[in-house]
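# Breakdown of the fold
Here's the letter readout for the chains.
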Amino acid sequence: MASEEELFASVDALLNEEPHLPPPAERARLREAAGITQARLAAALKTTTQSVKNWENGRSEPKSPRLDAYQRLLNGWAAKYPAPGTAPTASVAASAPAASTEPAASRVETADDPQAPAVPAAASVRPAFRTAAPSRRPATKKAVQPAADPRFPHGPLAVLDGDGCAYGVDGIVLDCPATTVPELVGWTLRESGLGAPKLNRYGKDSDPLIVLTAAAAVKLGLPQCLEGHEQRRSLRLPEDHPVVKHVVQAKWRLTQRGFGPWARIYRKAQGRDRQCVQLAILSWDALDERSWPGVAEMEPADIARVLGVYAQRVITPRGSTAVSGLELMTALRPPTRAVRDEATGNWVPGHNPGSLGTEPMDPAPPEATPEHPVVVDSGWTGGFLNEEAYQWVRPVGLLTDEECTLPYAVGLDLNTAFLAAAARLVVGLSAPDHFVGPKFNPKIPGSWLVDLSHVEVDPRLPSPFTPDGTRPTGPAWYQTHTVAYAQELGYNVAPIEGYLRRETGAYLDPWHDRLKTAYVDTLADLGVTRDLDDRTFLEAMERHKDVDPALAAVLAAIKATVKGGIGKLRERPQGKRYKEGERWPALQRPTWRPDIRAAVISKARINMHRKLTNMAKMTGLYPLAVLSDCVVYPSPGDSPLDFLPYASSGKPQPGGFRLGPTPGLAKLEGVQSMLWAVDVMEQGYNPARHIKGGDAVLDEGE
């Protein structure tokens, strides 16, 4: 048996070993959580940016003394920014804000931006809570995770029912005594412990969300449904409604949206304390059936579970999924950060590099919509970008006898094609500059006037340059990716004009990364994982919606967030009273950026055409139709496995369509007979829209 001296010597040897760093992926996560670039970290450690990159992808490790300094830094970051699902250390939770050497973003927020309140410390004002009542259908859930932020012990949201029970995440039920809307707002801010921490160190905490059932709405004095033509048309209560008047009398404010399905009630911030509550009223169609299938009809505990998973993986909902998709962009790329004023030494709000800033930016005339003031005021007649998703059907006369004798038409759908296109997408961050006769550069985002009518494409394929697949007939405006694809095909391009942007960046990268992770993780929870072979993947996709309807609804909401968020980048004016040339509310946002929307859709359409071309080369098959991210092929069998290209090893051939659960890969959309497809085409309809056996929703990224 070892002696005490031998054991102590062994322990001392372990203590004297070189420190062990966390895994490479965790090193990158900690740096990004701290908001530090690789270049800045390299400068602090007196090394090169490439060395930092190597450390974060596992290609190399630092040596002492740099190793010790790097580990000290990572340990400090790990205490400040614990991994999701882990509780922060006691020392961090207890640290006083005054001890910080660098101000938090909340210290420089404007007075109009309310901040999240601290959780009340006194036990007497903490709300009573219990597990869900046995009389209600329990919500299936995973093991309870420890709270990542002690300020919000009860999660991001609650669903309030008419009996005063507020159903939160992880089965918690809070007792809410409020009988009026002002009382509900006060209880939420002071006692509920609801909210969510910011997604970026320079951002803002997510305000608590209270979802009202129909019974809760009536109890608070609200109508069960919006009544009358005017209320339904404007989707809000009139200003003279008793509840609205009561809110105003209590010194609370409503946003410009008024008291509608997603009512936002706030006061000016008091120091660092944010005073803002988001309401969602189920019986006013706050949760659209297309984006949240079946959720509005669920029990309150199940609704809380669905919205809680979405809030954890995406963002706490602040409106429709389209609104949430746009808000997520800003939450992950806040417009400002704290900078030191050299003249006064004070910390003030400054521009956050890589963001879209705080001020709206007018587009170039060809990037705008016809009613935009830039177009109307200037009398612009030079044409517009037409970067939209595919809506193409092959002429029936181009079908061969061999194709018509195949028994099946099989539809493939690309997973979140717009999200895949947003990956590593460089977009313009500054205002457009006009150039005459510029030399084309595929690395510069912008809009180019160029003639692509000379580019030859097989007539059995759609043109890559137009949404309807027809060949261009002369000069037209195109986004950079479209013009670059003409070069990729081996053709010369000679732009006539260009509106180009000097400052660029991958603005959508964190948005893509978060939504991709949310999508893949939710599919995995439904039994569709990355390690499945293609046959097993198809079987899992066929039954995934039945595994857990609540998580299936989350998946649908994630997909709607992608499409809606991209569409919101070019939100059009609404209402009969609008007149061309007037500025509509969306133009006040820095995120009204039709050029970024065009870049995403252009890249998605080019990605689709590249796969169509490769499929034709590898299999000799040509599509019958394409609708956005769905393509229909004639097939000898009723499965994609019957026509997709595979190598002799059984692995998918690169370059064509591949099956899988990640964005950009394909899944089965539907199967019909070839006779059905030809009949639909002869009637002038797109079989890709109906391949599921029902009417599909037009998907243009709006």
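Look above for the structure.
Report follows, based on the coordinates. Quick caveat, the model's predicted, so the values are computed rather than measured.

### What to know about the pattern of salt bridges
In this structure the tally under the stated criterion is 30 salt bridges. Residue R610 pairs with E488 through a salt bridge whose shortest N-O separation is 2.9 Å. Highlighted residues: R610 in helix 20 (residues 594-619) and E488 in helix 16 (residues 480-488), separated in sequence by 122 residues. Its relative accessible area of 29% is what places R610 among the partly exposed residues. On the accessibility criterion, E488 (47% relative accessible area) is partly exposed. A salt bridge links E571 to R589; the shortest N-O distance between them is 2.9 Å. Here the residue E571 occupies a position in the loop between helix 19 (549-568) and helix 20, and R589 occupies one in the loop between helix 19 and helix 20, the gap between them amounting to 18 residues.

### A word on the sheet that holds strand 20 (residues 630-635)
Pairing is antiparallel across the open sheet formed by five strands, whose spatial order is 11-19-20-12-21. What marks the edges here is a single partner per strand, and that holds for strand 11 (391-393) and strand 21 (666-673). Ignoring which end each strand starts from, the neighbouring axes of this sheet average 20 degrees apart. The sheet contact formed by strand 11 and strand 19 (residues 625-627) spans three bridges and is antiparallel. Counted as the bridge partner of W392 is V626 from strand 19. Strands strand 11, strand 12 (408-414), strand 20 and strand 21 of the sheet are contacted by helix 21 (residues 674-682), whose axis makes an angle of about 85 degrees with strand 21.

### Focus on the environment of A42
Within the secondary structure, A42 is located in helix 3 (residues 38-44). C-alpha separation for the pair A42 and K53, spaced eleven residues apart in sequence, amounts to 9.4 Å. Apart from the residues within four sequence positions on either side, A42 is in contact with T47, T48, T49 and V52.

Calculation notes
Residues numbered from 1 in each chain as written. Predicted model: local features only at pLDDT ≥ 70, side-chain atom pairs only at ≥ 80, totals over all residues. Heavy atoms only, no water. Salt bridge = Lys/Arg side-chain N within 4 Å of Asp/Glu carboxyl O. Helix = DSSP H or I, 4+ residues; strand = E, 2+ residues; numbered from the N terminus. Buried < 20%, exposed > 50% of the residue type's maximum accessible area, 1.4 Å probe, protein only. Pairing = 2+ DSSP bridges. Axes fitted to C-alpha atoms, helices over the stretch in contact; angles between N-to-C directions. Contact = heavy atoms within 4.5 Å.

Don't take any of this as a statement about function, it's just geometry.
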